[in-house]
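Observations on the model geometry
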Amino acid sequence: MSLETALQSLKRGEFVLLFDSAGRENEIDMVVAAEFVTPEHVARMRQHAGGLLCIAIDNQFANSLDLKYMHEILSDSSISNKEMIMGLAPYGDHPTFSLSVNHYQTYTGITDNDRSLTIREMANIYNVENKQKKFVSSFKTPGHVPLLIASKGLLAARQGHTEMSVYLAQIAGLTPVTAICEMMDAETYTALSVDKAEKFAKQNGIPLIDGKELLEYAKVH
Ligand SMILES: CC(=O)[C@@H](O)COP(=O)(O)O
Ligand SMILES: [Mg+2]
Ligand SMILES: [Mg+2]
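On a predicted model such as this, the values are computed, not experimentally measured, just so you know. (Residues numbered from 1 in each chain as written. Chains lettered and ligands numbered in written order. Predicted model: local features only at pLDDT ≥ 70, side-chain atom pairs only at ≥ 80, totals over all residues. Heavy atoms only, no water.)

1. Describing the overall build of the chain
Along the backbone of the chain there are 9 helices and 9 strands. In terms of C-alpha radius of gyration, the chain reaches 17 Å, essentially the compact-globule figure of 17 Å for 221 residues. If one aligns the C-alpha atoms of the chain with their principal axes, the spans along those axes are about 45 × 40 × 35 Å. Burial statistics for the chain: of 221 residues in total, 50% are counted as buried. Here the contacts in the chain between residues at least 6 apart in sequence split such that 72% fall between residues at least 24 apart. Surface exposure of the chain reaches about 10,900 Å², of which carbon and sulfur atoms provide 53%. (Helix = DSSP H or I, 4+ residues; strand = E, 2+ residues; numbered from the N terminus. Rg over C-alpha atoms; globule rule 2.2 N^0.38 Å. Buried < 20%, exposed > 50% of the residue type's maximum accessible area, 1.4 Å probe, protein only. Contact = heavy atoms within 4.5 Å. Areas by Shrake-Rupley, 256 points an atom, 1.4 Å probe, with all protein chains shown as cover.)

Right, here's the structure in full:
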């Protein structure tokens, strides 16, 4: 499947599968552009992926909302057990988690209806004049959808699903806000293997992008 096929899928509001790399998480995420997310998208990620459904956002957008990484928020807080704060994951990357949010019009925040509203509304505030004012008045924290902040410098700085999915949205000409969810394997209780993900991709006509291909593309564009 070519990168162009994947970009076309994202532009149609459909999924792509995104593999990071064998030496990193070795995971495949289902990815969709946040501006298109419906309750059906959330249901399909819940049923066919089953990992943690997050919103990945562009670094500049995060700065405009005065959002910080969770490990920074905790380090600056008065919590006692600071030795628990994860600076680096086992594969060497800093976590990209920030606040977890619910849109203020959600009820519990977890249903497919609620999470799709939260995800879509995060994309919608990207285009408003006073982003931070709109963000603060539209969302509550803690909530049921973690925000992930893509690193400044994007793929040059970090090659996670956070940065790669935001980059895909950017080169597709879409709002740089994505919904991503790791694919789990209910038979092995581990992350879905690339082989099984390739089978799923083929059966469902969903493009699967290898992070390696994306990094190569980014080097020359
Ligand atoms: C949802 C995820 O995959 C989570 O790991 C955040 O993404 P990454 O660390 O791969 O950028
Ligand atoms: Mg992860
Ligand atoms: Mg990941």
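2. So, the site of ligand 1
Close to ligand 1 lie R24, E25, D29, Y91, L148, R158, G160, H161, T162, I180 and E182, which account for all nearby residues. Taking R158, its side chain carries an N or O atom lying 2.8 Å from an oxygen atom of ligand 1. Look at ligand 1: alone it shows 310 Å² of surface, and the protein chains cover 96% of it. Each residue belonging to the shell around ligand 1 can be placed in one class, and the counts come to 3 nonpolar, 3 polar and 5 charged. (Near = heavy atom within 4 Å. Polar contact = N/O pair within 3.5 Å; in protein donor to acceptor, adjacent residues only side chain to side chain. Nonpolar A, V, L, I, M, F, W, Y, C, P; charged D, E, K, R; others polar.)

3. Some thoughts on the coordination of the magnesium ion (ligand 3)
Here the magnesium ion (ligand 3) is held by E25 (OE) and H161 (ND1), and the distances to it run 2.0 to 2.2 Å. In this structure, the magnesium ion (ligand 3) lies 3.4 Å from the magnesium ion (ligand 2), and both are coordinated by E25. Within this pair, whereas E25 is found in the loop between strand 1 (16–19) and strand 2 (28–33), its partner H161 is found in helix 7 (residues 161–171), the two being separated by 136 residues in sequence. E25 gets classed as partly exposed once you look at its relative accessible area, which sits at 24%. (Donors = N, O, S within 2.8 Å, 3.2 Å for Na, K, Ca; no water.)

4. Observations concerning the pairing of strand 3 (residues 54–57)
Sheet faces and side chains relate simply in a regular strand, where the side chains alternate between the two faces. Alternating residues of strand 3 divide into C54 and A56 and I55 and I57, and every residue in both groups is buried. In terms of strand pairing, strand 3 meets strand 6 (residues 177–182) through 4 bridges, oriented antiparallel. Residue pairing across strands places I57 opposite V177, the latter belonging to strand 6. Here strand 3 pairs with strand 5 (residues 139–149) via 3 bridges, running parallel. Residue pairing across strands places I55 opposite L147, the latter belonging to strand 5. (Pairing = 2+ DSSP bridges.)

5. So, the pattern of salt bridges
In total, this model carries 11 salt bridges according to the counting rule given. Here R24 ties to D20 by a salt bridge, and the two come within 2.9 Å at their closest N and O atoms. Residue class for R24 comes out buried when judged on its relative accessible area of 13%. Take D20: its relative accessible area is 3%, and that puts it in the buried class. Note that K196 is salt-bridged to E187, the shortest N-O span being 2.8 Å. Given the relative accessible area of 29%, K196 is considered partly exposed. For E187, a relative accessible area of 65% translates into the label exposed. Ionic contacts of the salt-bridge type, sharing partners, join the residues D20, R24, E25, D93, R158 and E163 into one network. (Salt bridge = Lys/Arg side-chain N within 4 Å of Asp/Glu carboxyl O.)

6. Considerations on the environment of M122
Relative to the helices and strands, M122 resides in helix 5 (residues 112–124). Its relative accessible area of 0% is what places M122 among the buried residues. Between the C-alpha atom of M122 and that of I55, which follows or precedes it by 67 residues, the distance is 8.1 Å. Aside from chain neighbours lying at most four places away, what touches M122 is I55, I57, F61, L65, F135, F139, L147 and V177.

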